[in-house]
Amino acid sequence: MLACWGQQLGYTLKCVPDTIRLSLHSFTQEDATVVKCSGQLTAGITGVLHKEVKRLIPASSRIVLDLTDLTRMDSMGLGTIVSLYVSARTSGCKLELIHLSQRVRELFRITKVASLFEVYGDHPVKLP
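Residues numbered from 1 in each chain as written. Predicted model: local features only at pLDDT ≥ 70, side-chain atom pairs only at ≥ 80, totals over all residues. Heavy atoms only, no water.

A word on the nonpolar core
Now for step 1: Among the nonpolar cores identified, the biggest contains 27 residues, and L49, I63, L65, M73, I81 and F108 are the most heavily contacted of them.
Now for step 2: Looking at this core, the elements with two or more residues in it are β4 (32-41), α1 (46-56), β5 (62-73), α2 (75-90), β6 (94-98) and α3 (102-110).
Now for step 3: Beyond its immediate sequence surroundings of up to four residues, M73 is in contact with L41, L67, L78, I81, V104, L107 and F108.
Now for step 4: Grouped together as the second largest cluster of nonpolar side chains are 5 residues, F27, A32, V34 and V64 included. (Core = buried A, V, L, I, M, F, W, Y, C linked by side-chain atoms within 4.5 Å. Buried < 20%, exposed > 50% of the residue type's maximum accessible area, 1.4 Å probe, protein only. Helix = DSSP H or I, 4+ residues; strand = E, 2+ residues; numbered from the N terminus. Contact = heavy atoms within 4.5 Å.)

Now the structure itself:
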């Protein structure tokens, strides 16, 4: 099945399989709330991550985004992570990223966003 959207007066129609989704699994481990992301963090679905992490910020001192199973990220995904970083920092919460793919690392490096985060290759907490 395809999900389609387009410009109201234009001819552009974009269709993507509705199987391209972002799924999240949140759990508490040691002193952190871990959010494991699977799928794609791209335009049209970034709100899923934003809503979940914003909900967690007030009750957490440390949030770890595990990007092990993230297959793709675009500029909207990057912007969402930066927005969450600002929200977390303002609330006194630490936002950490683990297991970034080489492509995501490159996106962070090119845009100079990598310097905002402590990026871990290994789990800073024990994951199930």
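Right, picking up where we left off after that structure.
Considering α2
Now for step 1: When the terminal C-alpha atoms of α2 are compared, their 22 Å separation across 16 residues agrees well with the 22 Å that a helix rising 1.5 Å per residue should span.
Now for step 2: Among the residues of α2, those classed as buried are G77, L78, T80, I81, L84, Y85, S87 and A88.
Now for step 3: Elements in contact with the buried residues of α2: β4, α1, β5, β6 and α3.
Now for step 4: Just downstream of α2, G92 is the residue with a positive phi angle, here 80°. (Expected span 1.5 Å × (residues − 1).)

A word on the confidence of the model for the protein chain
Now for step 1: Of the residues in the protein chain, 76% reach a pLDDT of 70 or more, and the chain-wide mean stands at 81.
Now for step 2: Residue range residues 1-15 is modelled with pLDDT below 50. Its contacts to residues more than four positions away, or to other chains, number 21 contacts.
Now for step 3: Across residues 122-128, where pLDDT falls below 50, the model places 23 contacts with residues more than four positions away in sequence or in other chains. (pLDDT = per-residue confidence, 0-100.)

As for α1
Now for step 1: Every buried residue of α1 is listed here: T46, L49, E52, V53 and L56. The buried residues of α1 occupy one face: seen down the axis, they fall within an arc of 140°. Exposed residues on α1 whose side chains face more than 90 degrees from its buried face are K51 and R55.
Now for step 2: In the core, the buried residues of α1 are packed alongside β3 (22-29), β4, β5 and α2. (Arc of directions from axis to C-beta.)

A closer look at the pairing of β6
The two faces of a sheet get side chains in turn, since along a regular strand they alternate between them.
Now for step 1: Of all 5 residues that make up β6, 4 are buried, and the element is covered over most of its length.
Now for step 2: Bridge count for β5 against β6 is 5 bridges, and the pairing is parallel. For R62, the partnering residue across the bridge sits in β6 and is K94.
Now for step 3: The β-α-β motif built from β5, the intervening α2 and the parallel element β6 has right-handed crossover chirality. (Pairing = 2+ DSSP bridges. Right-handed = clockwise from strand over helix to strand, strands pointing away.)

Concerning the side chain of D66
Now for step 1: Mapped onto the secondary structure, D66 falls in strand β5.
Now for step 2: Relative accessible area serves as the criterion here: at 2%, D66 is assigned to the buried category.
Now for step 3: A polar contact is formed between the side chain of D66 and the side chain of T68, at a distance of 2.4 Å. (Polar contact = N/O pair within 3.5 Å; in protein donor to acceptor, adjacent residues only side chain to side chain.)

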